[in-house]
Each structure stands twice: as C-alpha cells, then as structure tokens.
2 protein chains.
Amino acid sequence: MTARLDIHGDELDSRAREVLREIVIQHVSTGEAISSRSLSKSGRFNLSPASLRNVMADLEDLGYLQQPHTSAGRVPTDRGYRFFIDHLMKSRRLPQHEIDTINEEVSHTTEIEEVLGLASRLLSRLSDQVGMVFMPTLLQFTIRSMDFVLVAENKIMCIIVGTNGVVVNKIVESRLSFTRDELDKISRYISVEFAGLTLDAIRRRLVRMTEQERALHDSMLQKTIALGIEAVDDVTPVNHELYLEGAESMLTKREFSDAGALRKTFLALQEKEKLVDILNACLVEDGLQILIGSESDFTNIHNFGIVARSYGTHNAPLGIVGILGPMRMEYSRMAPLVDYLGRALSRKIEEEGEQR
Amino acid sequence: MTARLDIHGDELDSRAREVLREIVIQHVSTGEAISSRSLSKSGRFNLSPASLRNVMADLEDLGYLQQPHTSAGRVPTDRGYRFFIDHLMKSRRLPQHEIDTINEEVSHTTEIEEVLGLASRLLSRLSDQVGMVFMPTLLQFTIRSMDFVLVAENKIMCIIVGTNGVVVNKIVESRLSFTRDELDKISRYISVEFAGLTLDAIRRRLVRMTEQERALHDSMLQKTIALGIEAVDDVTPVNHELYLEGAESMLTKREFSDAGALRKTFLALQEKEKLVDILNACLVEDGLQILIGSESDFTNIHNFGIVARSYGTHNAPLGIVGILGPMRMEYSRMAPLVDYLGRALSRKIEEEGEQR
DNA sequence: GACTGGCACTCCGAGTTGCCGAGTGCCAGG
DNA sequence: CCTGGCACTCGGCAACTCGGAGTGCCAGTC
C-alpha cells in the first residue's frame, strides 16, 4: 500500500534505506535471515514488527530483499548489496595496526614475485578471504638494465631490471657458448642501448637487427642478438600470472558448510582463466571496484563478491589486487583494506623507480 | 578356532594372506567395507561366504581387519595395510607415458625452485594426491660460483651456483655502494677463492677474515667480505622449504565427503611444521618409505598414508619427495611413481653437476 | 493516514517410528 | 574342513508428527 518510492522512482524512502541498511549489516554479521521481530528488537527503529514487515514487503517487491522460504526472514539480494554499497555503506577507516603491518611487510621485499606473493598472502590474512594479485603482462615493461651471468656451460641467467625497480630473472639455455667476458660486454651493450625501452620494443628492434647487413659480419653482435631475443622472449608470462592465496579461508565460512558447494568453489578456483578475465575487466577502470554476485560470473553460482583495485603508476596500471569471498562479507572493512594495499603497492613501485 | 598363524606366529596362512590381499585391493578400489559374500563372488576363492567369514574373523582377531559396525563388511586396519605393503603388494611398473611425462618436464627446468615446484605439481597430478617436495637445508651445499649484479643503488642480486648445478638467487640490500666493476671483481674473487666449499664453510671463513689485520687496511677486501657474508647469510631457509601441491585433490575423495574432516585436514596442511618433522625423519633412511595411519601422526586423525623417498646424490641426500593421501590409496601405483620421480630428480641433479 | 496487535497460515527441521536389506556368527550336517 | 541355513544386529531410508518461527493480512486505535 504505502508506496515508499521517491518521486524519481529509483531512490528509496529514508526509512526504507535505514531498514535495508540494518538488514544488510545484521545479515552480514550473523549469516541468518533477518526477521521483522529481530529488527524491531534491535532498537534502531521505534516501530513494531508489523510496521517493519510492511517496509520489508516493499523492499522485497523492489528486488532488494528476498525470502529463502515462506516462513523465514529476509536476506539481501545482489541488488540489495549493490544499493547498500553505493549509498548506505560507511567505509571504516583501516585500523592502524593493519596499516602498520602492510607498510612493514611491503618494505621488506624487493623482487616482484616476492612482493606480489606477499601481497596476496597479506590480503588473505587480513581479510580472512581469498587474496588475489594479478600481474597482467610485462610487455609494456620498460627496462633499466639487463645482465647476463654464466651459470653453466650453456645456461645463462638473465636479470632484467625495470625502470620501476621490478626485477625479473630467468635462465636461458643457448646453443652458443659464452665466456664471462663476452657476457659482461653484452650486458653493458644491451643496458646502454636499450635502457628505457619496453620489452616489446626491444624484441622488435633485435629482430630487425638480425636482418641488417652489418650484423651478418660481426659475430659478437650476432651472439648478442641471439641471447637478447631469447632473454626477452618468454619472460612475458611470468610463472604465475595470478597469485591466489587463502582458499582455505573458505572452509570456515558458514555458506560452505556443505561439502558440495565447497568442492565446486575449490575447483573453480583451480582454473584461473575465468578469474583472470574478471580481473582484466577491472583493469580498465581505476579506483576501487566491487562486484557482487551475478555481476561477475565466477562459478555459475552467484554467491560471491569481489573487491578489487588496480595498482601501478597512475597512467600505467600494472595489475590488480583484490579479494574474493562470499557475497555476504564486510564490504565496509574490505574496501579500505584493498584500497590501502593497492596504494601501498603503487607507492612501493614508484619509490623503487625513483630510487635511481 | 582354526588358528591361522604360522609356526613363527608372525606370519599368516597362505589363504589368509590371499584374503587379506583381496580385501585391501577391493577396499582401495571401492572404498566400501568388504563382505564375505562379495569376496566369494569375486571368483578368486572357491569358497563359500561362510568359510570366508571364518578366515575374516581370524584376521580380525589378529588385528588386520576391523568392522565399522556389527553388520558391515570388513575394512583393513593400519596393521592390515602394513602387512599388505610389506608382504602382499606387487608394485606395478610405472606406465611408460608417466615415465615420459616426468622425464620431459624435468628436463625443461633448471632453477632449483622451479624443479622442486614442478616436482610437487607433477606428483600431485599423476597421483591425484597431495604432492610434497622438501628441501631441508642448503648449508651442506658446495658452490661452484657466486656472481653479483647491480640491480639498484644499493641492491645487489647474488647468484649462487652449486657444484650440483643448483642455482639460487636472492637480492641483498647493502649499506655500502658498489660499482659494476667492483662487483665483477668481487664475483671473480669469490668464485675462485671459495669454489668447492660449502656455504657453511664459506661463511665461517669470511667471518674469520674480518678479524685479520690485512682486511682492515684493504677497503676492497672489506667490501668483499661484507657482501659475501650477506649473500651467504640467510640463503639457508629458502623461501619455501616445503612445496605442497594439490590439496584440492582431497576434495574428491570419498573419505572427506563431510565438511568437518575436510576442514581439519586443510588446516593441518596449513601448518607445515609437523609435515616437516615427519619428512625429516624420512631423510635418515634411504630408499622408498611408506607410512600408514598412526605410524605418522599427521593430524591426530590417523586416516592418512605417506609414500616418500629421499633424493639427491647417493651419499648426500638433498631432500625428500613424496605424496600424502588417505590411508586408502593405491600403494602399488604410488610406490613406483614416487620412486621414479625421486630417481629422476637425483639423476637431474647429478647430471647438472657433471655437466661442467 | 500511519501504526499496531492479533490471528491464520506456511514452512522448516528435529525427533520418532517402522521397515527393509545387508551382513554377520554360529550350528549342524555332509 | 567346508557349506547351507537360521537367527540376530545394525544402518539407512521414508513417512510422519509436531513445535517454532516468521509472515501476510485485517481490523482497531490514535
């Protein structure tokens, strides 16, 4: 009866908003469906259960709430969560000790793989959800230097340092053999010639050089080119593009108390392609993003929520950090956490870059 | 009544052995408790269910079998599995394609962390259990060379190559600053001076050198020593000492169909200390080892089995490879798998060592 | 017109009962 | 020593009951 719609039709009555807000909060903390009676007893409304029932019925009609079954309380829908996050949520400040933990741990690492691994573990630990860190590609990665070290007869370790301080290393096996001195020379040559270029550009340039006349006669140059190409070649897909940590945190969540859903979820986490797709989509926008339920189709079952944020320098995002958990999670706590970690990573990377 | 014991009292009648064998095999493949009727119908015995019941009752009295409840079939006990493995099991040959897979994958990797990570994934995939690879310590690790590469103002990547071909690298942060040339010199000096020594020995020697008069006056030598010590210092606990892979394979095992046991198991896998203890114990003996149920106390619940083997050169085992799964697993398949992978790893390491 | 108490209705879940089938132990006979 | 037969036990399934929780709606009150 009582139409609780704004004149615009897309906004809720302030009372309805309060009710929705309270329901989300209560449901997140208890996991139960929320009844009119428990709302009334919460003391936040001076209303009887019957009145609240009217409001709730309206919210249900509008698609913000739903009933698991006839004689149960109400639970927020995707849409309910979405409205909550967009209009009702008050992000808490990140507690100081979490800030400290993040700063401390981040400052102690240097290699990129280490940092990303750490970040995902950190996220998982602090959020008690699954932590995700995604590094999409290194092709736009500009280099500062490239060094080659002899490791065995025809195995050479190649160390690439990015202008952003990121360090990548890999071992290449070459048919050619090199002496230490040759490698030293090559290191210097490449570092000087190619500093500031992206891996992609370097690769193209090296390939072009193969075709040039001069290269044919200079055997040293030939060797340099061959080694350079091999070094740049498949550095791109770093061993793990996607760092996932803390899948076991799912175990304690009540939404996974039955083994079937749990299994499905784990198997879904196994095949990372879908997650990569989802995260890649996040890469285009910057700032914090929250995906709820069917907004991201991770595992057909739409019981999940994702909080993510890009990191990297302002105009060139490097990748994504985020968490994945059940739809019913404390977004007001997760949001600042992910946001801060993203900032910390970005800062770290920028610092390393300036540092020389 | 019919005492089916050998004169020695510790051996079983040949019929009893056959029955036990069949029960283990059937139970492993089906997961069900085995009834006298199904044994009789298997066709391996020309006996009626009633006769088999007598044998089974004896086996139960002797502790090789047990009944989950009165009107259920029998299931092997720890002791039953132990007897099966020691006396009844015929190890199958490893199928050729698995041999090929292992050889191929192993031959494509070089860095130690890569190899170990790969091995654990490989084990998990081929066994459909949890794969474990453990590298206990690098202190007895003898080096062939040590190189230093400037990565940023005061960050230096240090690459240690072992005489066994193992490559370890880490980044050290130093208060001192070095030029490329200095680092080159230091690399050569250390590689020449210390080749063939263990990290432990190198460390001791460097520390001793600090105290010598000469060092006080030679600033280059001072720098060398400082850097050397930092490089050697905490290379020991490599980031992950224990590689665990495939915990999710537990999900599909019927013994973990209830969420509680599953949860306990995952949490137990989280804290790796206990596993490290167990594996360390395996290090002293060489050859394949199988631990069943209460023989290793992983997770108080004694439902697990471990198949493990040391790898490394003959007189100096480097670590352990193995799998962990429910007690009910195909030991006859797991044993050759773990064994072969252990051999492959050892061979790989030896080859790398010779190769120059 | 907004709020409230009351009442009938629905549905879940826990507990109870009864029953069937599977499997055993034991005994007596071949 | 083996076997068929019989009585016994137990787990699991299905049907049923019943109380509790929660809703929707209606009529009454301020």
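Just so it is clear, the model here is predicted, and its values are computed rather than measured.

Analysis parameters
Along each chain, the written sequence defines residue order, and numbers are assigned to residues from 1. Chain labels run from A onward and ligand labels from 1 onward, assigned in the order the entries are written. Local features are withheld for residues below a pLDDT of 70 in this predicted model, meaning they are given only at 70 or higher, and side-chain atom pairs are given and counted only at 80 or more; totals for whole chains, interfaces and linings count all residues. Calculated side-chain values reflect all of the structure's heavy atoms, with hydrogen atoms and water omitted. To qualify as a helix, a DSSP run of H or I must reach at least 4 residues; to qualify as a strand, a run of E must reach at least 2; elements of each kind are numbered from the N terminus. In this treatment the radius of gyration is a C-alpha quantity, and the globule benchmark scales as 2.2 Å times the residue count to the 0.38 power. Burial classes: relative accessible area under 20% of the type maximum marks a residue as buried, over 50% as exposed, and values in between as partly exposed (1.4 Å probe, protein chains only). Residues are classed as near a molecule or strand on a simple rule: at least one heavy atom within 4 Å of it. The definition of a polar contact used here is a pair of N or O atoms within 3.5 Å, where within protein one atom must be able to donate a hydrogen and the other to accept one, and adjacent residues in sequence count solely through side-chain atom pairs. Each residue is assigned to one of three groups, with Ala, Val, Leu, Ile, Met, Phe, Trp, Tyr, Cys and Pro labelled nonpolar, Asp, Glu, Lys and Arg labelled charged, and all others, Gly among them, labelled polar. Whether two strands pair comes down to DSSP finding at least two bridges between them. Each axis is a line fitted through C-alpha atoms, taken for helices only over the stretch in contact, and angles between the N-to-C directions span 0 to 180 degrees. Any two residues whose heavy atoms approach within 4.5 Å at even a single point are treated as in contact. Buried area is calculated as the accessible area (1.4 Å probe) missing from two parts once they are joined, with the contributions of both summed. A pairing counts as a salt bridge when a side-chain nitrogen of Lys or Arg comes within 4 Å of a carboxyl oxygen of Asp or Glu. All copies are superposed by least squares; the fitting set is the C-alpha atoms of residues with a pLDDT of at least 70 in both. A residue counts toward a patch only above 30% relative accessible area and without a salt bridge, and it is joined to like-charged neighbours within 9 Å or, for Val, Leu, Ile, Met, Phe, Trp and Tyr, to nonpolar neighbours within 5 Å. In short, Shrake-Rupley with a 1.4 Å probe defines the accessible areas, and a residue's cover is counted only from the protein chains shown. A residue counts as positive if it is Lys or Arg and as negative if it is Asp or Glu; His and the chain ends are not included. One atom stands in for each charge, and that atom is NZ of Lys, CZ of Arg, CG of Asp or CD of Glu. We call a set of buried residues a nonpolar core when its members are Ala, Val, Leu, Ile, Met, Phe, Trp, Tyr or Cys and they connect through side-chain atoms within 4.5 Å of each other. Oblique is the label for any angle not covered by the other classes, which are roughly parallel (under 35 degrees), roughly antiparallel (over 145) and roughly perpendicular (65 to 115). It is the rotation of the near helix from the far one that decides the hand of a crossing: anticlockwise by less than a right angle makes it left-handed, clockwise makes it right-handed. Note that the domain bounds were set by an automatic or database domain assignment.

A. Looking closely at the overall build of chain A. Along the backbone of chain A there are 13 helices and ten strands. Here the C-alpha radius of gyration of chain A, 26 Å, is well above what a compact globule of 356 residues would show, namely 21 Å. Referenced to the eigenvectors of the C-alpha coordinate spread, the extents of chain A come out at roughly 90 × 40 × 40 Å. Scored against the burial criterion, the 356 residues of chain A give a buried share of 53%.

B. Structural context of the protein's contact with DNA strand D. Near DNA strand D you find 21 residues, and of these Ser-36 and Arg-74 of chain A together with Arg-15, Ser-51 and Thr-70 of chain B are the closest. At a separation of 3.2 Å, a base nitrogen of DNA strand D approaches a polar side-chain atom of Arg-53 of chain A. Arg-53 of chain B is positioned with one of its side-chain polar atoms (N or O) 3.3 Å from a base oxygen of DNA strand D. Breaking the surface near DNA strand D down by element, the ones donating at least two residues are α3 (49-61) of chain A together with α3 (49-61) of chain B.

C. Structural view of the protein's contact with DNA strand C. In the vicinity of DNA strand C lie 22 residues, with Arg-15, Ser-51 and Thr-70 of chain A together with Ser-36 and Arg-74 of chain B positioned nearest. Among the atoms of DNA strand C close to the protein, meaning within 4 Å, 75% are from sugar or phosphate groups. One of the side-chain nitrogen or oxygen atoms of Ser-36 of chain B is found 2.6 Å away from a phosphate oxygen of DNA strand C. Elements that contribute at least two residues to the surface near DNA strand C include exactly α3 of chain A together with α3 of chain B. Looking at the surface near DNA strand C element by element, the count peaks at three residues for α3 of chain A. Split into classes, the residues belonging to the surface near DNA strand C amount to five nonpolar, twelve polar and five charged.

D. Main features of the sheet that holds strand β4 (residues 143-152) of chain A. Residues and elements named next belong to chain A. One open sheet accounts for three strands, arranged β4-β5-β6; its pairing is antiparallel. Strands with a single pairing partner mark the edges of an open sheet, and in this sheet they are β4 and β6 (167-173). Within the sheet, the average angular offset between the axes of one strand and its neighbour, ignoring direction, is 20 degrees. Across the sheet, helix α10 (residues 219-233) lies against β4, β5 (155-162) and β6, angled at about 125 degrees from β6, the strand it touches most.

E. Expanded view of the interface of chain B and chain A. Between chain B and chain A, the residue contacts involve 37 residues of the former and 37 residues of the latter. Across the chain B/chain A interface, buried area totals approximately 3,500 Å², and carbon plus sulfur atoms make up 54% of it. When residues of chain B are sorted by the area they lose upon contact with chain A, Arg-180, Arg-188 and Leu-251 of chain B head the list and together hold 16% of the total. Linking chain B to chain A there are six salt bridges. Across the pair Asp-147 of chain A and Arg-180 of chain B runs a salt bridge whose closest N-O atoms are separated by 2.7 Å. Taken together, chain B and chain A are joined by 13 residue pairs in polar contact (both at pLDDT 80 or more). At the level of secondary structure, the elements contributing two or more residues to the side of chain B that touches chain A comprise β4 (143-152), β5 (155-162), β6 (167-173), α7 (180-194) and α11 (259-270) of chain B. Its residues placed into classes, the side of chain B that touches chain A shows 13 nonpolar, ten polar and 14 charged.

F. Representation of the relation of the copies chain B and chain A within the structure. Of the transformation placing chain B onto chain A, the axial shift is 0.2 Å and the rotation is 180 degrees, giving an RMSD of 0.2 Å. On this basis, the relationship between the two copies can be described by a two-fold rotation axis. Across chain B, the rotation axis passes nearest the C-alpha of Ala-259 of chain B, at a separation of 2.6 Å. Most of the interface of chain B is mirrored in chain A, where 97% of its interface residues are also at the interface.

G. Local environment of a negative patch on the surface. On the surface, a cluster of negative charge is made up of Glu-271, Glu-273, Asp-277 and Asp-297 of chain A. Given a relative accessible area of 53%, Asp-277 of chain A falls into the exposed group.

H. Spatial organisation of the side chain of Arg-74 of chain A. All names here are of chain A. For Arg-74, the location among the structural elements is in the loop between β1 (65-66) and β2 (75-76). Overall, the relative accessible area of 12% leaves Arg-74 in the buried class. A distance of 2.8 Å separates a polar atom in the side chain of Arg-74 from a polar atom in the side chain of Glu-60. When sequence neighbours within four positions are dropped, the list of residues in contact with Arg-74 reads Ile-23, Ala-33, Ile-34, Met-56, Ala-57, Glu-60, Leu-65, Gln-66 and Gln-67.

I. Fine view of the sheet that holds strand β8 (residues 289-292) of chain A. All names here are of chain A. With respect to topology, five strands assemble into an open sheet ordered β7-β3-β10-β9-β8, the strand pairing being antiparallel. Since the sheet does not close on itself, it has two edges, and those belong to β7 (242-245) and β8, each with one partner. Neighbour-to-neighbour, the strand axes of this sheet turn through a mean angle of 20 degrees, independent of strand direction.

J. Looking closely at the nonpolar core. Membership of the largest hydrophobic core comes to 82 residues, with the highest contact counts inside it found for Ile-102, Phe-148 and Tyr-331 of chain B. Take this core: its biggest share by element is ten residues, from helix α13 (residues 331-354) of chain B. Leave out the neighbours within four places in its chain, and Phe-148 of chain B touches Ile-156, Met-157, Cys-158, Leu-183, Ile-186, Ser-187, Ile-190, Leu-227 and Ala-231 of chain B. The next biggest cluster of nonpolar side chains, apart from the first, holds 81 residues, and it includes Val-19, Ile-99, Val-133 and Ala-231 of chain A.

K. Layout of the pattern of salt bridges. Going through the model one piece at a time under the given rule, you end up with 38 salt bridges over all chains. Between Glu-32 of chain A and Arg-254 of chain A there is a salt bridge whose closest N-O contact spans 3.4 Å. Note that Glu-32 of chain A is positioned in the loop between α1 (14-30) and α2 (36-41) and Arg-254 of chain A in the loop between β7 and α11 (259-270), a separation of 222 residues in sequence. When its relative accessible area of 46% is taken as the criterion, Arg-254 of chain A is described as partly exposed. Its salt-bridge partner being Lys-253 of chain B, residue Asp-128 of chain B comes within 3.2 Å of it at the nearest N-O pair. With a gap of 125 residues between them, Asp-128 of chain B in the loop between α6 (112-127) and β3 (130-134) and Lys-253 of chain B in the loop between β7 (242-245) and α11 connect regions that are remote in the sequence. A relative accessible area of 38% means that Asp-128 of chain B is categorised as partly exposed. Residue Lys-253 of chain B is classed as buried on the basis of its relative accessible area, which comes to 11%. A single salt-bridge network, built from bridges that share partners, covers Arg-82, Asp-86 and Glu-295 of chain A.

L. Region of the structure containing the packing of helix α1 (residues 14-30) of chain B against helix α4 (residues 78-88) of chain B. Residues and elements named next belong to chain B. One can describe the packing of α1 onto α4 by two numbers: an axis separation of 10 Å at closest approach and a directional angle of 110 degrees. If you check the angle between α1 and α4, you find them roughly perpendicular. α1 and α4 meet at a crossing whose hand is left-handed. Between α1 and α4, the contacting residues are Arg-17, Leu-20, Arg-21, Val-24, Ile-25, His-27 and Val-28 on the first element and Gly-80, Tyr-81, Phe-83, Phe-84, His-87 and Leu-88 on the second.

M. A look at the domain arrangement of chain A. Residues and elements named next belong to chain A. In terms of domains, chain A is made up of domain 1 (14-88), domain 2 (96-136 + 241-354) and domain 3 (143-233). The centre of domain 1, based on its C-alpha atoms, is set 29 Å off from the matching centre of domain 2. Summing both partners gives a buried area of about 960 Å² for domain 1 against domain 2, and 59% of it is carried by carbon and sulfur. Remark: the boundary between domain 1 and domain 2 carries two salt bridges. The interface formed by domain 1 and domain 2 contains five residue pairs in polar contact (both at pLDDT 80 or more). Secondary-structure elements contributing two or more residues to the side of domain 1 that touches domain 2 are α1 and α4 (78-88).

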